[in-house]
Structures are given as C-alpha cells and as structure tokens.
Amino acid sequence: MTDEHATATARSTVYGYPRQGQNRELKKAVEGYWKGRVTADALRTTAAELRRANWRQLSDAGIDEVPTGDFSYYDHVLDTTVMVGAVPGRHREAVAADALDGYFAMARGTQDVAPLEMTKWFDTNYHYLVPELGPDTDFTADSAKQVAELEEAVALGLAARPVLVGPLTYLLLAKPAPGVAADFDPLTLLDRLLPVYAEVLADLRAAGAEWVQLDEPALVQDRGRAELEAAEHAYHRLGTLTDRPKLLVASYFGRLGESLPVLAKAPVEGLALDFTDAAVANLDALAAVGGLPGKRLVAGVVNGRNIWINDLEKSLSVLGTLLGLAGRIDVASSCSLLHVPLDTSAERDIEPQVLRWLAFARQKTAEVVTLARGLDRGTGAIAAELAANRADLAARTHSPVTRDPAVRARTAAVTDAEAHRSQPYAERAAVQRAHLGLPLLPTTTIGSFPQTAELRTARAALRSGRIDAAAYEERIKAEIQEVISFQEKTGLDVLVHGEAERNDMVQYFAEQLTGYLATQHGWVQSYGTRYVRPPVLAGDISRPGPMTVGWTTYAQSLTGRPVKGMLTGPVTMLAWSFVRDDQPLGDTARQVALALRDEVNDLDSAGTSVIQVDEPALRETLPLRAADRQAYLGWATEAFRLTTSGVRADTQIHTHMCYAEFGDIVRAIDDLDADVISLEAARSHMQVAHELAEHGYPREAGPGVYDIHSPRVPSAEEAAELLRTGLKAIPAGRLWVNPDCGLKTRGWPETRASLENLVTAARTVRGELRAS
C-alpha cells in the first residue's frame, strides 16, 4: 500500500479515448476486412497506428498517464470474453481456426452460427456483446491483447495504465448461455474467474504495468447483500495477491452508494469515482466513510458523456473539497471519452461563439489537464483559462439561441387532457381492426430500408451542389417506388416508405427543428462499426413546418395498403442527442413532444392510418438506481403520450424499442398507451414476449423474428419457430410479425431474402393456426 500525500503533484488521466480515428479509419479498415478488400495484417497496422495517434494526442495535451487496453476492433466487453476464455461453444471452432475471424463471428454471427446478444452499456447509447455463461464454463487467461498494447505505449516512452472490465461487472452483465436454466446466476462463477484475472494482472506487471484499472460501473447500480459480499470477496482476493501491479478500481455513471464502503475498505491502492452533477453524492459519501487515507483517488470531474464545456471553478471547488480525503488526488474525466466525438476543431458549420460552448474528447482532455494544474499550483496558474471559461458560460446562459419565450409559454400551458387519447385502448383496438382489415399475424417492418450506394451518392452530390434539390427528390421518389413495389410483391401487410430521405433517425428531425445544432464530424460509436453523429440540443425546441408528411403521403399514393408514418419519439430525440444540461430533462422532453405532436397531427389529418413513433431509448435512459426511476418514467411516458394523443381513435399508434432489457419497464410501456409495440427478440429467443406476458401486457406486440444486426439470412423455418415461441406468450390476435429493427445498415440481397422468409413464416404459422 502506498503512502502518497495530497500535496504531491496532481496527475491527469482519462479512462479511455474514442477509437475510430479522425476520419473513421477503424470503421473503414474493419468493414474492408469483412469485404475482403483489407488484409488482416493491414487491419492490425491501421489499429496500431490509431492507438499510437491517440496516445500521442493525450501525451501532447499534457495527460500524465494514458490508458491502454481500451481500444477495440468491435467491443471491449467482447475483448474481455476473449481475455477470460469464455468463448461460447458454437464459436469455438471458428476462433480456433482463425482468432480474428472467430472474434467477428461472435460479434456478427455467420450464416450458420448466431452471434452473441447485444444490449446497451448501462444507460448510454453504446452497445456491448453480452457474455454467455453457464455452470460448465471454464475460464482461461489470454492476456496477449492487453500486454501487447501496454508494450506499445511503453515503447513510446509513456506512463501507461491498462484498463480492464472488472470481474464483478463482467459477471453481472452476463446472461445464462443457451440451454442453461434461466435462473442460473453468473456471479456464482466468481471464484472460477478470479484466478484468471490474477494471471492477467501478473502478466501485465511482468510487462511493466505499475497500475491496472479495473472498471466496475455495475457497482453504481442497486446491489444486494450477496453482490456486495461478492465485491468484498473479489477485491480481498485480488488485493492480497503478491504478484500484481497496483490496483485502481473505477466506477462511473453515477453514485456508488452501498458499494463505496466495500471498495474503500478493500486492500487496493486506489479508487476512481464520478464527481459530476449526476454523482455529486459520492462527495459526501466519501467523507462519511472516512475518505481514502493513504490511497490514490482519481476524481472524475469532467463529464465524459456530454459535450458542454466544464465549469472549471465549480470543478476546482469539488477538487478542493476532496483534498485531505485521500493520499493523493488526481484529475480525470468521469468515464471513458468513448461516448463523445473526437475534436470540435473539425466543425466548420457551427457559429464560432456557440462552438466555444462545446467540448469533445480533445477539449475535455485539455480541461482535465487545466484542472490538474490548477489543483497543483493554485488558481493563479490557470487565471486566463478561468476567465475565458466564465465568459463562455455566461454567453451561453444569456444567448437567444438557448431561450424562446413562445416555446416556454406553450409548454407551460399544456393540460393533462392533451396527454391522453380520447378513447381507451379496447375501444380504439376494435375500430382500428375494422378500419385496417389486417390478417392474423400481420407483417410489417420497423421503418428503414437499405441505404443504397446510389442514394448516398445523390445525397453527397446535393451537398456539394453537383445536383439540385429537384434532381435529388427524383432520386428519393425512385427509391420509395422500389421499396413500395418490393413490399407489395413480397406480401407485407403494413408498408413503410423506407426513409430514403433520412440520414439518421434523430439527426433528420433535429435538422428540421429549431434549437438543435448539427455537427459534420461528431461521430460516436454506437456498436461495432456503426457510428452516429448525435445532434446537439442547444436551445428551446419548435417545429417550423412539416417534416415527414410529404414523403409519407407520396408513398401512400403508390399503394392501397396502409403505409406507416415514421417518427422518432421525444425520449429518443433526447437520449441520442447531446442534450442541454441547463434545465431539467423533463422540461426539454415536453418541448420536443409538442413539436412532434404537430407532426403526428398533420400525418393524421393527411389520412395516415398507422403512425409509428419510435422510442428505442426509453429503457436505456432509465436511471441506474431504482429510487430515481419513477420520476424519469413519469415525464418520459407523458412526453410520448403528448406526442401521440391528438389523433383519431381509428389511427393506430405504433412504437418500437430495441436492444435492452424490458422486463422492469413493462408497466411504463403500457403507460405509453401505444396500440402496437415492436421489440427486439431474435437474439434473445423471444424472451421479451414472455416478459410481456408475465406482466399482463394487454396490447398488440411484434417481438422481432429477424436479427438485423447480423448479415446472416434467417430461414423461413427459423422465423416460424420464433413465431411459435412467441405465440406461447402472446395470443395470435395480438401478435405482429416484424424484424428486430430498421434495415438501413443491411444490403438489399440479404434484406430481400430475409423479408421473403419472414412473410413465408407468417403464412405458414397462420395456416397452422387455422388448421388447429
């Protein structure tokens, strides 16, 4: 145990850094490898160059200790599965034949083997691959990646700290493997896993690691006695190892609560805690347990999840309060910077004054370094930075960009009646069935269809001025005609226009609403090689004019079958944006809901009989602590109802959610008062259907039978078997047939084949029901 003093020089660090590169070089290299255009050696070379560039950027900015091991080709939890040898049985042959191809097979699946399930990383929009474990799981250590990346950084002359997903979090995020009893608890494997971590730690020490960071974000959630005892046991065993580096146990995304005393007493050399507004309770809690005498405290005072500049004086005040509560205080971001874009300097279309309010990864790194210098040398050493920061914060507060009196007046005048449909669900369902005339097990898709190369070329040509708006609209019309024609020939019952005009399900709407800012290079990893550019919700929100009505009515003119109007819901518009931090989220959600309500009502007036308002982020934004959830679900469900409750009784409202655990929010899903919900279910083998049934969900539902995040084409029989499983939980009169999610990222050949099989499966099972 070290005995450093709080008067020692404060060091600066971060927990992780964006992986993609300035121009998304990693995405291009990985996808090139999948397509056979990039060799494995070339992919590894690109990855190594990106790691070196990241470390140099951090070092040049003044970061004293760089993270290693956080870089990933696809997902850091999948990397941990490889590190501990927990490869599922169905993937072992592929991994043994070629480690890299086997790794991607676990991530994406193959035509013959299903991938690992994917779900959200806590309450972020990052997706991780869920470990599959069972009582027969044997762990084996493979520290090659972690050791190699540490050695790369050390060779550059850098002080480096390997970062690993901690053993508690790894097990708490896992699920029972296929064929294993549903009540199997992966945490029972802890004593089998800890020796593997001990071996990896020893390997890292031998490679030169002074410190290793073990990330335990799962401990900021509510944890029972057994889990707390497991944490105490784990860190006693790891902390008392003789052949190990110093251990820094890191938590983030919230307050540690009941886990803090356990970690404070553990025989480890340091803790890293979140001290941003969402976790300010950690400050008092740390004082209550007597601080961390003789230990290192890494204080996460720069928000690693949002893009607004730090209030430097406020953070310095927090850091000053922490002095004396630990052997030494170091300064960091609150979590990995994986969750923010790389650099604001690449943005050319945001007004310069507004741009000064934003901090991406490089700017947050500079804030961390500034705060460490201020903590170490006093405020006089950073007087210029403090003055500029005060001016920028004041400019944002008083800017007309942030406040619109008309929006605020409308929001304040909302009545409870506006957030409720005019008729109860049972009455609406009867008139909707009569109006729509759909068959048993109606088929549909979630909304988007593949974005073709021709479409991307046309969009780029419009931006560059090579074609005009009229030519671009003709291209969009041609795409919509093709999509409608295909759906009719395939036999789908409720059609979509395919969203050819949309760049992203949030960005498309953000660009047409006041109060939002769009970035050009603000890419953030969502999963694997899927990167998104979250818009910036900077001010009060309103809708200047219709956004989807024209394209929806055009698509409806091409067919006699119902075409869904497609919108993104208010909670997802917040969750998948960088949301303003200067007012309560519920207030912002109500503003967005009112803007979307205008669009829904216009679609209804135009004769659109089915309107889908997607809320895939409802579950992911759920607070990590149960005590905080009721308030969130109150404003979140109200915002959805406010969006959708102005339509006629015979207009069917759909919603969609994907890649999250839904069992604990089924009551809230019911409170949305949607008529139909579609949900991800293919990878989890219809688990969500049974969750809905267990909670008595009374409405229509479409648990997905086609996993669109994998390139494999499910057979008609595979989809039919999933439907039969779904029917065990949801009556045939309330069961829809659809994919898990939108088809934007898929290619046309696999989309055609998969949807044809989906329709065949629905007809097969429909026939079985009639014959029974």
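Provided above is the structure to which this section pertains.
What comes next is a walk through the structure. (Residues numbered from 1 in each chain as written. Predicted model: local features only at pLDDT ≥ 70, side-chain atom pairs only at ≥ 80, totals over all residues. Heavy atoms only, no water.)

1. Section: the overall build of the protein chain
Helix and strand content of the protein chain: 28 helices and 21 strands. For the protein chain, whose C-alpha radius of gyration is 26 Å, the value lies close to the compact-globule estimate of 28 Å for 772 residues. If one aligns the C-alpha atoms of the protein chain with their principal axes, the spans along those axes are about 75 × 60 × 50 Å. Scored against the burial criterion, the 772 residues of the protein chain give a buried share of 61%. Within the structure as shown, the protein chain displays about 27,600 Å² of accessible surface, and the carbon and sulfur contribution to it stands at 51%. The averaged location of the 102 negative side-chain charges in the protein chain is 2 Å from the averaged location of its 80 positive side-chain charges. (Helix = DSSP H or I, 4+ residues; strand = E, 2+ residues; numbered from the N terminus. Rg over C-alpha atoms; globule rule 2.2 N^0.38 Å. Buried < 20%, exposed > 50% of the residue type's maximum accessible area, 1.4 Å probe, protein only. Areas by Shrake-Rupley, 256 points an atom, 1.4 Å probe, with all protein chains shown as cover. Lys, Arg positive; Asp, Glu negative; His and termini not counted. Charge placed at Lys NZ, Arg CZ, Asp CG, Glu CD.)

2. Observations regarding the pairing of strand β16 (residues 536-542)
Most of β16 sits inside the fold, with six of its seven residues counted as buried. By the bridge criterion, three bridges tie strand β13 (residues 514-517) to β16 in an arrangement that is antiparallel. Paired with L517 across the strands is V536, a residue of β16. (Pairing = 2+ DSSP bridges.)

3. Concerning the layout of surface pockets
Roughly 1,800 Å³ of volume is contained in the second largest pocket. Around the second largest pocket sit 48 residues that line it, and R24, R456, N503, R530 and K744 are the ones nearest its centre. Elements with a contribution of two residues or more to the lining of the second largest pocket: α1 (25-34), α18 (453-464), α19 (469-490), α20 (507-510), β15 (530-532) and α28 (748-771). Top element by residues in the lining of the second largest pocket is α18. It accounts for seven residues. Residues of the lining of the second largest pocket, tallied by class, amount to 15 nonpolar, 14 polar and 19 charged. (1 Å grid on protein atoms, 1.4 Å probe; cavity = no way out; pocket = protein on both sides within 12 Å on 5 of 7 lines; lining within 4 Å. Points joined across faces, edges and corners; volume = space filled by probe spheres on them. Nonpolar A, V, L, I, M, F, W, Y, C, P; charged D, E, K, R; others polar.)

4. Describing the pattern of salt bridges
Taken as a whole and judged by the stated rule, the model has 56 salt bridges. Salt-bridge contacts for R90 lead to E132; the nearest nitrogen and oxygen are separated by 2.7 Å. Here the residue R90 occupies a position in helix α4 (residues 89-97), and E132 occupies one in strand β5 (residues 132-133), the gap between them amounting to 42 residues. You can call E132 buried: its relative accessible area is 10%. Measuring nitrogen to oxygen at the nearest pair gives 3.1 Å for the salt bridge that ties E210 to K246. Of this pair, E210 sits in the loop between α8 (190-206) and β8 (211-215) while K246 is found in strand β9 (residues 246-250), placing the two residues 36 residues apart along the sequence. According to the relative accessible area criterion, E210 is partly exposed, its value standing at 45%. Overlapping salt bridges bring together R11, E65, R161, R296, R328 and D330 as one network. (Salt bridge = Lys/Arg side-chain N within 4 Å of Asp/Glu carboxyl O.)

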